[in-house]
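Here are the chains, one letter per residue:
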Amino acid sequence: MQDVASNHGNPFDPHHVIEFCYINIIGIWLYGKMFQQRDEQYFKWAGTFVRRLELGSCLLVDWFPSLAYITSAEVKELKGLVQTMMDWHMKLLEEHRQTLNESSPRDFLDHLLIQQQKGKLMVSNTDICSVLDDLQSAGFDTVTANTIWGIQLLVQNPDVQKKLQAEIDEVVGSGRAPTTKDRRNMPYLEATLWEIQRVGIIAPVPCIRAAMNDTTIGGFDVPKDTVLLVNHTKMAMNPINFPQPQKFDPSRYLDENGVVVAPDKKMMLFGNGFRICPGMQIARDMMFTVMANLLQRFTFQLPEGVTALPVGRNDGLIQYPRSYKITAIPR
Ligand code: HEM
């Protein structure tokens, strides 16, 4: 919040402020560590993470192995970055082990170490570091992208932003910060978060799968080993399930009593089945808390003299809107 306020109502790109916020929330949850400020150490760490995600999600050599010779520099860079993150997590693991108190776990890493020590979790230290790394990397970029879409959509839909602020004022007021406990009393924000996910669609084609056996899907024969992709955009923009799909309308998830009806199988933005996103609940909690706290204190607007934000999205596994600047006016 201080970072946002420090712009004093001047235009700024919210990307890095939001990213910093989520990296710290996840860091505290996983291993009780947060960066105090966006200093050189932080930028080095975040840069390593982001570059690794970039390289890891679109290396041509994964698709065309014959290119291994040409892309070897990138592969070498990727291996170096993976090792840097592994060393970082291993150092945290050792620090945690030395100060571990079994009767009072401080964070997720402590819980893993306790289960490992008791023999209930048959994992090596490297396994634990990989889990931390997985959760950290799958965790911060996704929620950051969603929130960046969310701020853009609220600037473009000021009536929705006003309704959200009215709900926050009524349920929370201004004397305390909103928390996850407020979620059940704030259906309009809950519904808005679904709509932000639907319109933003941060991962249009998230994971590649293959049929393990001959099967049928929707009446089509699918032979064993067929590569399968889920088209999230098609589902989220299906006019049968979402009338006027281009319209940003959180009320589509509210029934006649104002109760939230989650989209469920109509759009499976967290995946489905055995491999469904294990971070779904924490992601929804984090996005709720961040958005509620921001809107309690600020109104997002177009900078003076600007009539529209850039249209379109960036390429990549996780897709952001084109970078933009807005103002955050203290309420
Ligand atoms: C809005 C935020 C998020 C979205 C839209 C999202 C979406 C997804 C999707 C679509 C998958 C693939 C599911 C499948 O294969 O069927 C996935 C997997 C995964 N997600 Fe998320 N995710 C989000 C946030 C998070 C967070 C915050 C965490 C961790 C703290 C996380 C951790 C993971 C992990 C570890 C997997 C791999 C699961 C596996 O392969 O079994 N995600 N996520």
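Residues numbered from 1 in each chain as written. Predicted model: local features only at pLDDT ≥ 70, side-chain atom pairs only at ≥ 80, totals over all residues. Heavy atoms only, no water.

The chain has the name Cytochrome P450 2U1-like in an unreviewed UniProt entry, where Priapulus caudatus is given as its organism.

Let's hear about the coordination of the iron atom of the ligand: which residues, and what values?
Looking at the protein side alone, the iron atom of the ligand has one donor only, Cys-277 (SG), at 2.3 Å. Note that Cys-277 resides in the loop between α10 (232–236) and α11 (280–297). (Donors = N, O, S within 2.8 Å, 3.2 Å for Na, K, Ca; no water. Helix = DSSP H or I, 4+ residues; strand = E, 2+ residues; numbered from the N terminus.)

Tell me what's going on with the pattern of salt bridges, and back it up with residues and numbers.
One pass over the full model with this rule turns up 12 salt bridges. Glu-77 serves as the salt-bridge partner of Arg-51, at 2.8 Å between the closest nitrogen and oxygen. Of this pair, Arg-51 sits in helix α3 (residues 40–57) while Glu-77 sits in helix α5 (residues 72–98); the two residues are 26 residues apart in sequence, bridging distant segments of the chain. On the basis of relative accessible area, Arg-51 is assigned to the partly exposed category, the value being 29%. With a shortest N-O distance of 2.9 Å, Glu-195 and Arg-198 are connected by a salt bridge. Pair noted here: Glu-195 and Arg-198 are both in helix α9 (residues 187–200), with a separation of 3 residues, about one helical turn. Exposure class is identical for Glu-195 and Arg-198. Each is buried. Ionic contacts of the salt-bridge type, sharing partners, join the residues Arg-183, Glu-190, Arg-284 and Asp-285 into one network. (Salt bridge = Lys/Arg side-chain N within 4 Å of Asp/Glu carboxyl O. Buried < 20%, exposed > 50% of the residue type's maximum accessible area, 1.4 Å probe, protein only.)

Pulling in residues and values, what's your account of α5?
Here α5 is 27 residues long and its end C-alpha atoms lie 39 Å apart, about the 39 Å a rise of 1.5 Å per residue gives. Those residues of α5 not exposed but buried are Leu-78, Leu-81, Met-85, Met-86, His-89, Leu-92, Leu-93 and His-96. (Expected span 1.5 Å × (residues − 1).)

Can you lay out the site of the ligand for me, pointing to particular residues and giving the numbers?
Around the ligand, a shell composed of 24 residues is seen, among which Thr-142, Asn-146, Arg-209, Arg-275 and Cys-277 lie nearest. Of all the secondary structure elements, the ones that give two or more residues to the shell around the ligand are α7 (125–156) and α11. Residue contributions to the shell around the ligand peak at 6 residues, all from α7. Here the residues of the shell around the ligand are counted per class, giving 15 nonpolar, 7 polar and 2 charged. (Near = heavy atom within 4 Å. Nonpolar A, V, L, I, M, F, W, Y, C, P; charged D, E, K, R; others polar.)

Residue-level account of the side chain of Gln-136, with values.
Counting through the fold element by element, Gln-136 comes out in helix α7. Gln-136 gets classed as buried once you look at its relative accessible area, which sits at 0%. Discounting chain neighbours no more than four positions away, the residues touching Gln-136 are Ile-23, Ile-26, Gly-27, Leu-30, Tyr-31, Trp-45 and Phe-49. (Contact = heavy atoms within 4.5 Å.)

With reference to specific residues and values, describe the packing of aromatic side chains.
Per the counting criterion, the structure on display carries 9 aromatic pairs. Seen in terms of ring centroids, Trp-45 and Trp-88 are 5.3 Å apart; in terms of plane orientation they differ by 55°. Their pairing is tilted. Of this pair, Trp-45 sits in helix α3 while Trp-88 sits in helix α5; the two residues are 43 residues apart in sequence, bridging distant segments of the chain. On the basis of relative accessibility, which here comes to 7%, the residue Trp-45 falls in the buried class. Trp-88 gets classed as partly exposed once you look at its relative accessible area, which sits at 21%. Members of the aromatic cluster, joined through ring pairs, are Phe-20, Tyr-31, Phe-35, Tyr-42, Phe-43, Trp-45, Phe-49, Trp-88 and Phe-140. A cation over a ring is seen here: Arg-284 above Trp-194, with NZ or CZ 3.7 Å from the ring centre. (Phe/Tyr/Trp six-rings, centres within 6.5 Å; stacked < 30°, edge-to-face > 60°. Lys NZ or Arg CZ within 6 Å of the ring centre and 35° of its normal.)

Lay out the environment of Phe-300 in plain terms, naming residues and giving numbers.
Mapped onto the fold, Phe-300 is located in strand β5 (residues 298–301). With 27 residues separating them in the primary sequence, Phe-300 and Thr-327 have C-alpha atoms 5.7 Å apart. Every residue in contact with Phe-300, bar those within four places of it in the chain, is listed here: Ile-151, Val-155, Gln-161, Leu-294, Leu-295, Ile-326, Thr-327 and Ala-328.

An account of the environment of Met-235 is needed here, citing residue identities and associated values.
Note on placement: Met-235 falls in helix α10. Between the C-alpha atoms of Met-235 and Val-160, which are 75 residues apart in sequence, the distance is 24 Å. Once you skip the residues sitting within four places of it in the chain, Met-235 turns out to touch Val-230, Phe-242, Lys-265, Lys-266, Met-267 and Met-268.

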